[in-house]
Amino acid sequence: MSELQPSVSGRRRIRGILLDLDGVVHVRGKALPGSLDAIARVRAENIPLKFVTNTTRVPRRRIVEDLAQMGLQVTIDDVFTPAISARAFLLRENWAPFLVAHPDLREDFAGLPEQGREAVVLGDAGTYFTYDTLNDAFRKILGGAAFLALANNRNFLDRDGELSLDLGAFVAALEYASSRKALVLGKPSSLFFALAVDSLGCAAEDVAMIGDDVEADVGGARAAGLMGILVQTGKYRAGQEKELDPPPTFVAQNLADAVNFLLS
């Protein structure tokens, strides 16, 4: 059962929502019960809403198409991903990416500079991670290339319903080998949340992040000054909320429960 956390007393009216997708809106491509109605309720209140996901295997175009198949109509601009954050960052710095990621993600990096300072961009390549590719990235980092990571998640809920190894382990391996820290451009990075909040046109304290990842979603949001709503769906495991300081703003049974709390 959801419980109101002490930190929510006197909370401000919500002015923007950042909403995780996998494990919150859907699991393995199937909408979770009540999730689409909850989103429709937010839209009916005209509250700015962005879908933020840490997936680094799927291009933004595909995310929009997949959501449409489950009955959720969104535009490209409604979706905020680490790849899009990284693309903007690379363009600003005029850096040429050395992309270590799933081949499907390459379309989100099309048209970027091919000359100039190189930046290793590490994404979740899945079965495309090879020793040779990681070693090439390691050597480039040693040689002075910038070191960017699209995310730093420990694990994710895989299609078989079990947790699988996520990008964070590969980030940690390259950090250990090179003695360099990666600049993380996805959740839980404060930079990621700042860019996402800016896209809503709200102040951070007026925005809520709803997610199932206690560390990347809720912990990252709280550290960046947002409200953090933890839902007990997806990858959530009992008692995880006790690991956070500050604690989640609210622990909800599901997305519908979270939206009901925010709009009540």
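Numbers given for residues are sequential positions, taken from 1 along each chain in its written order. At least 70 in pLDDT is required for a residue's local features to be given in this predicted model, at least 80 for side-chain atom pairs to be given and counted, and no such filter applies to totals for whole chains, interfaces and linings, which use all residues. Only hydrogens and water are set aside; all other atoms, that is, all heavy atoms of the structure, feed into the side-chain values.

(A) Just the confidence of the model for the chain, in detail. What pLDDT reports is the predictor's confidence in each residue, on a scale of 0 through 100. Averaged over the chain, the pLDDT score is 91; the fraction of residues at 70 or greater is 95%. For this analysis, residues touch if any pair of their heavy atoms sits within 4.5 Å. Contacts for the low-pLDDT stretch residues 1-10, under 50 throughout, to residues beyond four places or in other chains number 19 contacts.

(B) Looking closely at unusual backbone geometry. With an omega dihedral of 10 degrees, the bond running from Lys187 to Pro188 counts as a cis peptide bond. Secondary structure counts use DSSP, requiring at least four H or I residues in a row for a helix and at least two E residues in a row for a strand, with both numbered from the N terminus. With respect to the helices and strands, the residue Pro188 is situated in the loop between strand 12 (183-184) and helix 6 (190-200). For the bond from Asp245 to Pro246, the omega torsion is 5 degrees, close enough to zero to count as cis. By the secondary structure assignment, Pro246 is in the loop between strand 14 (227-231) and strand 15 (250-252). Positive phi outside glycine occurs at Arg28, with the angle close to 50 degrees.

(C) Focus on the packing of aromatic side chains. Working definition: a ring pair exists when centres of Phe, Tyr or Trp rings (six-membered ring for Trp) sit within 6.5 Å. Plane angles under 30 degrees give stacked, over 60 give edge-to-face, the rest tilted. For the structure on display, the rule yields 5 aromatic pairs. Summarising the aromatic geometry, the rings of Phe89 and Trp95 are spaced 5.8 Å apart at their centres and angled 70 degrees between planes, so their arrangement reads as edge-to-face. Here the two residues Phe89 and Trp95 agree in accessibility, since each one is buried. A ring pair is formed by Phe192 and Phe193, whose centres lie 6.0 Å apart and whose planes are at 90 degrees; its orientation type is edge-to-face. Buried residues are those whose accessible area, probed at 1.4 Å on protein chains only, stays under 20% of the maximum for their type, while exposed residues exceed 50% and partly exposed ones sit between those limits. Under the relative-accessibility criterion, Phe193 is labelled buried at 1%. These aromatic residues form a ring-pair network of at least three members: Phe80, Phe192 and Phe193. If you follow Lys140 out to its NZ or CZ, it ends over the ring of Phe98, 4.9 Å from the centre. By definition here, charges over rings are those cases where NZ of Lys or CZ of Arg is within 6 Å of the ring centre and within 35 degrees of the ring normal.

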